[in-house]
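Inside the fold
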Amino acid sequence: MKRLAILASGSGSNAEKIMEFFKSSSKGKVALVASNKPDAYVLERAKKFNVPTFTFSKKEMEAGLIEEKLKQEKIDWVILAGFLLKIPESLTRSFPDRMVNIHPALLPKYGGKGMYGAHVHQAVKEAGDKETGITIHLVNEHYDEGKIIFQAATSVSAEDTPETIAEKVHALEHRYFPQVIDSLL
Ligand code: GRF
């Protein structure tokens, strides 16, 4: 049984789908939900599933606290689901090819610094792109540049707003992220 940790900074709707999926899995178990935001809604969602939670500051992460916690909890896979801080290099090195992120666009488009959440969907809208989607990729020391494992696309019409684009992308994330993680274990 592989032990998963989810790192998230916000609402955690993806984290919830993952916890739901692995509740009855014989391959993996969500053993920890960790957040840099003590008031992140993802922590409430974790409680609902009886998954232990852990919070830490940016400074503590940089000092190695989260890395220590993940080792203590014997975590095999780290799942970034809306985690907004840059992962320290030593942490990526501790989980070689065992850390995965979801990005709400078709990388390499709309990746890199500042490209998160609503900013991404706004940029897609402004560019007039006809499609967008999701990218699930491994994490290395260069943000959004790890090996791509999975992509799925959805169409964007002239009537779409950044909000409706976000909804379409979220639907794809919820549908695919848990099963792509499952296929990696
Ligand atoms: C998702 O769109 C994910 O791709 C991004 O952050 C968002 C998190 O949403 N990186 P949620 O907190 O899982 O609802």
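On a predicted model such as this, the values are computed, not experimentally measured, just so you know.

The rules behind the values
Residue numbers here run from 1 along each chain, matching the order of that chain's written sequence. Only residues with pLDDT of at least 70 get local features here, since the model is predicted, and only at 80 or more are side-chain atom pairs given and counted; chain-wide, interface and lining totals rely on the full set of residues. By convention in this description, side-chain values take in all heavy atoms of the structure and omit both hydrogens and water. Remark: exposure states derive from per-residue accessible area (1.4 Å probe, protein chains only) relative to the maximum for the residue type, with buried under 20%, exposed over 50%, and partly exposed in between. Going along the chain from the N terminus, every DSSP run of H or I of four or more residues is numbered as a helix, and every run of E of two or more is numbered as a strand. By construction, the arc corresponds to the directions joining the helix axis to the C-beta atoms. Contacts: residue pairs with any heavy atoms within 4.5 Å of one another. Axes, fitted as lines to C-alpha atoms, cover a helix only where it is in contact. Angles between the N-to-C directions of the axes lie from 0 to 180 degrees. Throughout this description, any angle smaller than 35 degrees is read as roughly parallel, any larger than 145 degrees as roughly antiparallel, any in the 65 to 115 degree range as roughly perpendicular, and the remainder as oblique. In a left-handed crossing the near helix is turned counterclockwise from the far helix by less than a right angle, and in a right-handed crossing that turn is clockwise. Classes in brief: Ala, Val, Leu, Ile, Met, Phe, Trp, Tyr, Cys and Pro nonpolar; Asp, Glu, Lys and Arg charged; the others, Gly included, polar. If even one non-hydrogen atom of a residue comes within 4 Å of a molecule or strand, that residue is called near it. Pairing of N or O atoms within 3.5 Å defines a polar contact, subject to two protein rules: one partner must be a possible hydrogen donor and the other a possible acceptor, and residues neighboring in sequence count only if both atoms are side-chain atoms. Accessible surface area values rest on a Shrake-Rupley calculation with a 1.4 Å probe, where residue burial reflects the displayed protein chains alone. Criterion used throughout: strands pair if DSSP finds at least two bridges between them. Salt bridges are identified by distance alone: a Lys or Arg side-chain nitrogen within 4 Å of an Asp or Glu carboxyl oxygen.

1. Topic: helix α6 (residues 117-127)
Listing the buried residues of α6 in full gives V120, H121, A123 and V124. Mapping the buried residues of α6 onto a view down its axis gives an arc of 155°, with all of them on the same face. Exposed residues on α6 whose side chains face more than 90 degrees from its buried face are A118 and E126. Of the surrounding secondary structure, the elements contacted by the buried residues of α6 are β5 (99-103), β6 (131-138) and α7 (162-184).

2. Observations regarding the packing of helix α1 (residues 13-22) against α7
Two numbers describe how α1 lies on α7: the axes approach to 9 Å, and their chain directions differ by 40°. As the angle between them shows, α1 and α7 are arranged oblique. For the crossing formed where α1 meets α7, the hand is right-handed. Seen from α1, the contacting residues are S13, N14, K17, I18, F21 and F22; seen from α7, they are H170, E173, H174, F177, P178, Q179, I181 and D182. Of the residues contributing to the contact of α1 with α7, the split by class is 6 nonpolar, 5 polar and 3 charged.

3. Considering the site of the ligand
Contacts to the ligand come from S11, G12, S13, N14, G82, I102, P104, H170 and E173. The side chain of S13 places a nitrogen or oxygen atom 2.5 Å from an oxygen atom of the ligand. Taking I102, its main chain carries an N or O atom lying 3.4 Å from a nitrogen atom of the ligand. The fraction of the free accessible surface of the ligand (370 Å²) that becomes covered by protein chains is 86%.

4. Considerations on the sheet that holds strand β4 (residues 77-80)
Taken together, 7 strands build an open sheet; the order of strands is β3-β2-β1-β4-β5-β6-β7 and the sheet is mixed. Both edges of this open sheet fall to β3 (53-55) and β7 (148-155), since each of them pairs with a single strand only. For this sheet the average axis-to-axis angle between neighbouring strands, irrespective of direction, equals 20°. One ladder, built from 4 bridges, connects strand β1 (residues 2-7) with β4; its direction is parallel. Looking at the pairing, L4 lines up with W77 of β4.

5. As for the side chain of S13
Structurally, S13 is set in helix α1. Judged by its relative accessible area of 18%, S13 falls in the buried class. Residues contacting S13, with those up to four places away along its chain left out, are R45, H170 and H174.

6. Here we look at the pattern of salt bridges
Side chains that differ in charge, positive against negative, can pair when their charged atoms come close. Enumeration over the complete set of coordinates arrives at 11 salt bridges. Close ionic contact of E16 with K48 constitutes a salt bridge, the shortest N to O distance being 2.8 Å. Residue E16 is located in helix α1, and its partner K48 is located in helix α2 (residues 41-48); the two are separated by 32 residues in the primary sequence. Residue classification places E16 among the buried residues on the basis of a relative accessible area of 13%. In this structure, E44 engages K47 in a salt bridge whose closest nitrogen and oxygen atoms are separated by 3.6 Å. Highlighted residues: E44 and K47, both in helix α2, separated by 3 residues, approximately one helical turn. Judged by its relative accessible area of 42%, E44 is partly exposed. Ionic contacts of the salt-bridge type, sharing partners, join the residues R3, K69 and E73 into one network.

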